[in-house]
Amino acid sequence: MSIPVIERGRIKMSNKRKLLVSAPTSAVGGNFIKYLGDRYKVVTVGRRESDIIFDFARDTNLKIPGDIDAIVHFAAASDSSSDAAIMEMIQTNIAGVLKVCMAAKRYGVGFVVCISSISAAYPETSEFYSFYSLTKKQMEETAKLYCKKNNIKLCIIRPGQIFGEGYGYEKNQPMLYTMIRNAMENKQISIYGTHDAIRNYIFADNLFKLVEEVIERQAEEMIDAIDPQNYRLSEVAEIIIDKFKSSSEIVFCEEKPDIQDLPVISKPDEMENFFLKWKVPFIGFEKAMGLVSKQWFQK
């Protein structure tokens, strides 16, 4: 029998927890597993390079080991470039989470962590509202209803725009990483329009620390995982130029359409800060970008 150990207000078992983690080949899922190191036993599930091969859009019956303590579900689709892609996104994001929750019920897993997106909170009137926003919101509602009816503990985490030291984040943050590449090459960093838009980036390691804390606490929460500080695009560019020791210039391209502020994050100080609430160590954007620059210089 495992002996409980009290640590920072949470109950931690002396034996390693066994986690089922989806999408290990994604940037976030793969780097989360690396972050965990050997602190947990990890079983992976995904379409390829996984312990369990399972396509969340097409396969139906997810079979998992019977001794899983918690599921951390990262798998998602974001492409909406065609009708077929939209259909796959709906199947992956909405039906996929239902398959995870059903597996939790069948195999006696008492806790599920769903990684959603802050875009699930975007209003329909926003130009950033998309099929991805819609499916993430419906993913949340599907998981909440199923877990409630089947007495499964559920935590939903809504990260902001994720960047990190590992590779693969460029795909989902093209503007940020274009700035980085231009800074590396001392090229001009262009910001479209005249509006200095607000952005909010969450450093991947901060997200991973929060997910681990959630697992240890078995916390049933809806968590907005964002940086407590917003930055204007020009401020983001200035930090990148500084950390990458670049001579790049920042230029507003007035002939281009303005880039708009992201919705929801306009007042991050009014959103519940679980990093502060749970005393989870947090690395601010400027320091985090310094860590990213070291990794890029090693390429």
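Whatever comes next refers back to the structure up there.
Summary of the structure given here.

Here is what the cut-offs are and how they apply
Residues numbered from 1 in each chain as written. Predicted model: local features only at pLDDT ≥ 70, side-chain atom pairs only at ≥ 80, totals over all residues. Heavy atoms only, no water. Salt bridge = Lys/Arg side-chain N within 4 Å of Asp/Glu carboxyl O. Buried < 20%, exposed > 50% of the residue type's maximum accessible area, 1.4 Å probe, protein only. Helix = DSSP H or I, 4+ residues; strand = E, 2+ residues; numbered from the N terminus. 1 Å grid on protein atoms, 1.4 Å probe; cavity = no way out; pocket = protein on both sides within 12 Å on 5 of 7 lines; lining within 4 Å. Points joined across faces, edges and corners; volume = space filled by probe spheres on them. Nonpolar A, V, L, I, M, F, W, Y, C, P; charged D, E, K, R; others polar. Core = buried A, V, L, I, M, F, W, Y, C linked by side-chain atoms within 4.5 Å. Contact = heavy atoms within 4.5 Å. Pairing = 2+ DSSP bridges. Right-handed = clockwise from strand over helix to strand, strands pointing away.

1. Comments concerning the pattern of salt bridges
Then, in step 1: According to the stated counting rule, one finds 15 salt bridges in the structure shown.
Then, in step 2: For Asp55, the salt bridge is made with Arg58, and the minimal N-O distance between the two is 3.0 Å.
Then, in step 3: Its relative accessible area of 52% is what places Arg58 among the exposed residues.
Then, in step 4: Measuring nitrogen to oxygen at the nearest pair gives 3.2 Å for the salt bridge that ties Glu141 to Lys144. Of this pair, Glu141 and Lys144 both sit in helix H3 (residues 131-149), three residues apart, roughly one helical turn.
Then, in step 5: Classification of Glu141 as partly exposed rests on a relative accessible area of 35%.
Then, in step 6: Judged by relative accessible area, Lys144 falls into the partly exposed class, the value being 34%.
Then, in step 7: A cluster of three or more residues bridged by salt bridges with shared partners is formed by Arg47, Asp55, Arg58 and Glu88.

2. Comments concerning the layout of surface pockets
Then, in step 1: Considered as a void within the structure, the largest pocket measures approximately 1700 Å³ in volume.
Then, in step 2: Taken together, 50 residues form the lining of the largest pocket, with Ala76, Ala77, Ser78, Tyr132 and Asn172 sitting closest to its centre.
Then, in step 3: For the lining of the largest pocket, the secondary-structure elements that each account for two or more residues are helix H1 (27-36), strand E4 (41-46), helix H2 (83-106), H3, strand E9 (161-163) and helix H4 (174-184).
Then, in step 4: Here the element with the most residues in the lining of the largest pocket is H2; it accounts for four residues.
Then, in step 5: In the lining of the largest pocket, the residues fall into 26 nonpolar, 16 polar and eight charged.
Then, in step 6: A volume near 180 Å³ is recorded for the second largest pocket.
Then, in step 7: Lining the second largest pocket are Pro174, Met175, Thr178, Met179, Asn182, Gln188, Ile189, Ser190, Ile191, Tyr192 and Ile259.
Then, in step 8: Elements supplying a minimum of two residues to the lining of the second largest pocket: H4 and strand E10 (189-192).
Then, in step 9: When residues in the lining of the second largest pocket are grouped by element, the largest group, five residues, is from H4.
Then, in step 10: The residue makeup of the lining of the second largest pocket, split by class, is seven nonpolar, four polar and no charged.

3. Thoughts on the nonpolar core
Then, in step 1: Counting residues in each nonpolar core, the largest one holds 84 residues, and the members touching the most others are Ile157, Phe163 and Met289.
Then, in step 2: The element that contributes the greatest number of residues to this core is helix H5 (residues 204-217), accounting for seven residues.
Then, in step 3: If near-sequence neighbours (up to four positions away) are discounted, Phe163 is found in contact with Tyr169, Leu176, Tyr177, Tyr201, Ile202, Phe203, Ala204, Phe285, Ala288, Met289 and Val292.
Then, in step 4: Core analysis: the second largest hydrophobic core is formed by seven residues, Ile118, Ile198, Ile226 and Met271 among them.

4. Observations regarding empty space enclosed by the protein
Then, in step 1: Enumeration over the complete set of coordinates arrives at one cavity of 30 Å³ or more.
Then, in step 2: Volume-wise, the largest cavity comes out at about 40 Å³.
Then, in step 3: Lining the largest cavity, in full, are Leu20, Ser22, Val45, Phe56, Leu62, Ile71, His73 and Val100.
Then, in step 4: Among the secondary structure elements, those contributing two or more residues to the lining of the largest cavity are strand E3 (18-22) and strand E6 (70-73).
Then, in step 5: Split by residue class, the lining of the largest cavity holds six nonpolar, two polar and no charged.

5. Notes on the pairing of E4
Then, in step 1: As paired strands, E3 and E4 are joined by five bridges and run parallel to one another. Bridge assignment links Leu19 to a residue of E4, and that residue is Val42.
Then, in step 2: The parallel pair E3 and E4 is bridged by H1, and the resulting crossover is right-handed.
Then, in step 3: Pairing between E4 and strand E5 (residues 52-53): two bridges, direction parallel. Bridge assignment links Val45 to a residue of E5, and that residue is Ile52.

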